[in-house]
Amino acid sequence: MNTPRAARLVTRAATAAALATALGMGALPAATAAAPSAAPVSVRTAGTDRDGGWHQHGLRLKAADNKKVDAYVRRAHKAERAISPEVRAVARISHAELIGFDQRLKSPDSLKRKVATWMRETPGQSVETSLGMINDAVRFTLQWPAGTYSQGVRTAAGLLSAWGNDSTRWANTWHRTAGYKAVNSAWRAPRSHQLFEVQFHTPESKAAQLETHKLYEEQRLPGTPPQRVRELQDQQNAIFAAVPVPPGAERLTAPARRLPSPDPARRLPVPAPHPAG
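Residues numbered from 1 in each chain as written. Predicted model: local features only at pLDDT ≥ 70, side-chain atom pairs only at ≥ 80, totals over all residues. Heavy atoms only, no water.

Asker: Where do I start with the nonpolar core in this structure?
Answerer: Within soluble globular proteins, side chains that are nonpolar generally end up buried alongside one another. By size, the foremost hydrophobic cluster in this structure holds 53 residues, and its most contacted members are Phe-140, Leu-142, Tyr-149, Phe-196 and Phe-200. Per element, the largest residue contribution to this core is ten residues, and it comes from helix 4 (residues 63–93). Leave out the neighbours within four places in its chain, and Phe-140 touches Ile-83, Ser-84, Val-87, Leu-98, Phe-101, Arg-104, Phe-196, Glu-197, Val-198 and Gln-199. (Core = buried A, V, L, I, M, F, W, Y, C linked by side-chain atoms within 4.5 Å. Buried < 20%, exposed > 50% of the residue type's maximum accessible area, 1.4 Å probe, protein only. Helix = DSSP H or I, 4+ residues; strand = E, 2+ residues; numbered from the N terminus. Contact = heavy atoms within 4.5 Å.)

Asker: What is the right way to look at the layout of surface pockets in this model?
Answerer: Rolled over the atoms, a probe sized like a water molecule indicates the empty space that remains. Roughly 1,500 Å³ of volume is contained in the largest pocket. Residue lining of the largest pocket: 42 residues in total, with Gln-199, Gln-209, His-213, Tyr-216 and Arg-220 positioned closest to the centre. Sorting the residues of the lining of the largest pocket by element identifies helix 5 (108–121), strand 4 (139–143), strand 5 (166–172), strand 7 (195–201), helix 8 (203–220) and helix 9 (226–241) as the ones contributing at least two each. Looking at which element gives the most residues to the lining of the largest pocket, the answer is helix 8, with nine residues. Class assignment of the residues belonging to the lining of the largest pocket gives a composition of 13 nonpolar, 17 polar and twelve charged. (1 Å grid on protein atoms, 1.4 Å probe; cavity = no way out; pocket = protein on both sides within 12 Å on 5 of 7 lines; lining within 4 Å. Points joined across faces, edges and corners; volume = space filled by probe spheres on them. Nonpolar A, V, L, I, M, F, W, Y, C, P; charged D, E, K, R; others polar.)

Asker: Explain the packing of helix 4 against helix 5 here, please?
Answerer: Helix-helix packing: each pair is described by the crossing angle between the helix axes and the interaxial distance. Close contact between helix 4 and helix 5 brings their axes to 10 Å; oriented N to C, the two are set at 130 degrees. Here helix 4 is positioned oblique relative to helix 5, judged by the angle of their axes. Handedness of the helix 4/helix 5 crossing: right-handed. Judged by residue contacts, Asp-65, Asn-66, Val-69, Asp-70, Tyr-72 and Val-73 of helix 4 engage Pro-108, Leu-111, Lys-112, Val-115 and Met-119 from helix 5. Looking at the contact of helix 4 with helix 5 residue by residue, the classes come out as seven nonpolar, one polar and three charged. (Axes fitted to C-alpha atoms, helices over the stretch in contact; angles between N-to-C directions. Parallel < 35°, antiparallel > 145°, perpendicular 65-115°, else oblique. Left-handed = near helix turned anticlockwise from the far one by under 90°.)

Asker: What exactly am I supposed to notice about the pairing of strand 7 here?
Answerer: Regular strands have side chains that alternate between both faces of the sheet. Among the seven residues that make up strand 7, seven are buried, leaving the element largely enclosed by the rest of the structure. Because side chains alternate across strand 7, one face comprises the buried residues Leu-195, Glu-197, Gln-199 and His-201, and the other comprises Phe-196, Val-198 and Phe-200, equally buried. One ladder, built from five bridges, connects strand 4 with strand 7; its direction is parallel. By the bridge assignment for strand 7, Arg-139 is matched with Glu-197. Bridge count for strand 6 (residues 183–188) against strand 7 is six bridges, and the pairing is antiparallel. The partner of Val-183 across the bridge, within strand 7, is Phe-200. Hairpin remark: strand 6 followed by strand 7, antiparallel, with six residues in the connecting loop; positive phi at His-193, about 65 degrees. (Pairing = 2+ DSSP bridges.)

Asker: How should the environment of Val-69 be read in this particular structure?
Answerer: In this structure, Val-69 sits in helix 4. Along the backbone, Val-69 and Ser-130 are 61 residues apart, and their C-alpha atoms lie at a distance of 9.7 Å. Non-local contacts of Val-69, meaning those with residues more than four positions away in its chain, are made with Leu-61, Lys-112, Val-115, Val-127 and Leu-131.

Asker: Help me understand unusual backbone geometry, please; the structure alone is not making it clear to me.
Answerer: What is expected of a backbone is that most residues other than glycine have negative phi and most peptide bonds are trans. In this model, His-95 sits at a positive phi of 60 degrees, which is unusual for a non-glycine residue. The phi torsion at His-193 lies on the positive side, around 65 degrees, for a residue other than glycine. Summarising the element assignment, His-193 is placed in the loop between strand 6 and strand 7.

Asker: Where do I start with the packing of helix 8 against helix 9 in this structure?
Answerer: Interaxial distance between helix 8 and helix 9 falls to 9 Å at its minimum, and their mutual angle equals 180 degrees. Put simply, helix 8 runs roughly antiparallel to helix 9. Of the residues in helix 9, those touching helix 8 at Ser-205, Ala-208, Gln-209, Glu-211, Thr-212, Leu-215, Tyr-216, Glu-218 and Gln-219 are Arg-228, Val-229, Leu-232, Gln-233, Gln-235, Gln-236, Ile-239 and Phe-240. The class makeup of the residues in the contact of helix 8 with helix 9 is seven nonpolar, seven polar and three charged.

Asker: Would you take a moment to explain the pairing of strand 4 for this structure?
Answerer: Of all five residues in strand 4, four are buried; the element is thus mostly enclosed. Direction of pairing for strand 3 (residues 97–99) relative to strand 4: antiparallel, over a ladder of three bridges. Each residue of the ladder has a partner; that of Leu-98, found in strand 4, is Leu-142.

Right, dumping it as structure tokens:
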């Protein structure tokens, strides 16, 4: 994004006007308009123990740690109500398809598996440290055809940055010769400070991700033997090897970090949250 051309894509005045226009439009593409509001979160799961602890697939959290994860889940769900309208506006302005919007909130069990795995792999690591490493409790996927992919990513990332979201992670794997292909980005929302993930895909890379999901899930389970882990990785590599690389995708970089300024885009009203469903 550190190019004059990219800078022209998202000027301050254009950003302010674009967001105001997008949020003022009643109709959104079908992929976004039909998406339901997030239901009130209930963090009690099937793996919750009588003493308040949690267990699943050989992983465990003590009652005190489980309580902290539950509190994190509630905070993430509250923050999502302000993040989602911006991402929906980004999708409209950049001509992206917003994929899987109804799955934008990671389930409590999935978060607990991730935290418990990290704490198991790093003995002594606190639950607070583990929660601080999570960037996909709130997550979105934007998708463009290969021909418009690189331009779409530049526009979308530029808008997110201009609206005050700080880029905290940018993993561009299009240059890889094996494995997963896409751009996975993480952002910190300016008001809630909630981390959220935005994946940038083509239809082909998204299809490969969906096809390999079960393989990936099995691969990361604690009890999967090393030989099976290698077999699963080989299968994933073969699937992603067939994904075409969009022109210029391997050169996509994160937007430049913006310094605090009287940017009119930052003075826009907070997007209205989804009504309770």
